[in-house]
Amino acid sequence: AQSVTQLGSHVSVSEGALVLLRCNYSSSVPPYLFWYVQYPNQGLQLLLKYTSAATLVKGINGFEAEFKKSETSFHLTKPSAHMSDAAEYFCAVSDLLTGGGNKLTFGTGTQLKVEL
Amino acid sequence: NAGVTQTPKFQVLKTGQSMTLQCAQDMNHNSMYWYRQDPGMGLRLIYYSASEGTTDKGEVPNGYNVSRLNKREFSLRLESAAPSQTSVYFCATGLGGDGNIQYFGAGTRLSVL
């Protein structure tokens, strides 16, 4: 089964600073990878998705992620943090299920704090 | 469009009580999923329905049952709630197939005392 590992359960940055959230995957074949964001007391919202069409993937709210096969990584970045970016971020990998569904296997999440 | 609607938003149960969590989607998706979220563990798949009329166990199915009532609705039932089932439950929908996006409801926060 495929898996993802998120390094750092809590990350704190200053407003305007670079955001870097780390995700490494374990897969024997090119995976489908996702980043989701969860704001307090809400469901998960898709930020971006990697599908092998391009190694640099741009998402919503100025976020992007780069797929690096040599490092088995899919780190999420944003050049300049905003207070509204404070949330929990999840990396996930897709697995095909019996009957045609797909299971998302999530990392344990990274809580991003943005300070003034 | 409401997207994915979960009811109730909050629930407190006593050990041994039963309840059903409801999920409805208006996105015309074939596949529906139930996940639970626990601190430090991410989300884990409980049950899924790849298409109307089918259901299958996920990673942590013990203590739960599901019903795919029609294409729109997928319910999760706890027959005899236990404190270990205290969690946040999320319903998700998607087109199915590898790599497809899943869309999540706002969640149900369940406490079992």
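Before reading on, note that the structure itself is shown above.
Quick notes on the rules
- Residues numbered from 1 in each chain as written.
- Chains lettered and ligands numbered in written order.
- Predicted model: local features only at pLDDT ≥ 70, side-chain atom pairs only at ≥ 80, totals over all residues.
- Heavy atoms only, no water.
- Pairing = 2+ DSSP bridges.
- Helix = DSSP H or I, 4+ residues; strand = E, 2+ residues; numbered from the N terminus.
- Axes fitted to C-alpha atoms, helices over the stretch in contact; angles between N-to-C directions.
- Contact = heavy atoms within 4.5 Å.
- Buried area = accessible area lost by both parts, 1.4 Å probe.
- Salt bridge = Lys/Arg side-chain N within 4 Å of Asp/Glu carboxyl O.
- Polar contact = N/O pair within 3.5 Å; in protein donor to acceptor, adjacent residues only side chain to side chain.
- Nonpolar A, V, L, I, M, F, W, Y, C, P; charged D, E, K, R; others polar.
- Buried < 20%, exposed > 50% of the residue type's maximum accessible area, 1.4 Å probe, protein only.

Asks: Help me out: how do you make sense of the sheet that holds strand 7 (residues 64–68) of chain A in this one?
Replies: Strand pairing in a sheet relies on backbone hydrogen bonds, with the paired strands running either antiparallel or parallel. Residue and element names in this part refer to chain A. The antiparallel open sheet is built from 5 strands, whose spatial order is 1-3-8-7-6. The two strands at the open ends of the sheet, each matched to only one other strand, are strand 1 (3–7) and strand 6 (56–58). Within the sheet, the average angular offset between the axes of one strand and its neighbour, ignoring direction, is 20°. In terms of strand pairing, strand 6 meets strand 7 through 3 bridges, oriented antiparallel. Directly across from Val-57, in strand 7, lies its bridge partner Ala-65.

Asks: I'm lost on the interface of chain A and chain B in this one. Help?
Replies: Accessible area lost during the coming together of the parts is what is often quoted as the interface size. In this complex, chain A contributes 26 residues to the contact, which on the side of chain B involves 25 residues. For the pairing of chain A and chain B, the buried interface totals around 2,000 Å² over both sides, and the portion due to carbon and sulfur atoms is 54%. It is Leu-44, Asn-102 and Phe-106 of chain A that lose the most area in chain A upon contact with chain B, and together they represent 23% of the buried surface on that side. A salt bridge links Glu-59 of chain B to Lys-103 of chain A, with the shortest nitrogen-to-oxygen separation between them at 3.8 Å. Counting across the chain A and chain B interface gives 6 residue pairs in polar contact (both at pLDDT 80 or more). Counting residues per element, the ones that place at least two in the side of chain A that touches chain B are strand 4 (33–38), strand 5 (44–50), strand 9 (87–96) and strand 10 (102–106) of chain A. Among the elements that make up the side of chain A that touches chain B, the one with the highest residue count is strand 9 of chain A (5 residues). Split into classes, the residues belonging to the side of chain A that touches chain B amount to 10 nonpolar, 12 polar and 4 charged.

Asks: Mind showing me how you'd approach the environment of Arg-68 of chain B here?
Replies: Residues and elements named next belong to chain B. Mapped onto the elements of the fold, Arg-68 is located in strand 7 (residues 64–68). Residues Arg-68 and Gly-53, 15 residues apart in the sequence, show an inter-C-alpha distance of 6.4 Å. Looking at Arg-68, its side chain comes within polar contact range of the side chain of Ser-49, at 2.7 Å. A polar contact is formed between the side chain of Arg-68 and the backbone oxygen of Asn-70, at a distance of 3.0 Å.

Asks: In this structure, what is going on with the side chain of Gln-2 of chain A? I would like to understand it.
Replies: Residue and element names in this part refer to chain A. Counting through the fold element by element, Gln-2 comes out in the segment before strand 1. Take Gln-2: its relative accessible area is 14%, and that puts it in the buried class. One polar contact links the side chain of Gln-2 to the main-chain carbonyl oxygen of Ser-94, over a distance of 2.8 Å. At a separation of 2.9 Å, a polar atom in the side chain of Gln-2 contacts the side chain of Asp-95.

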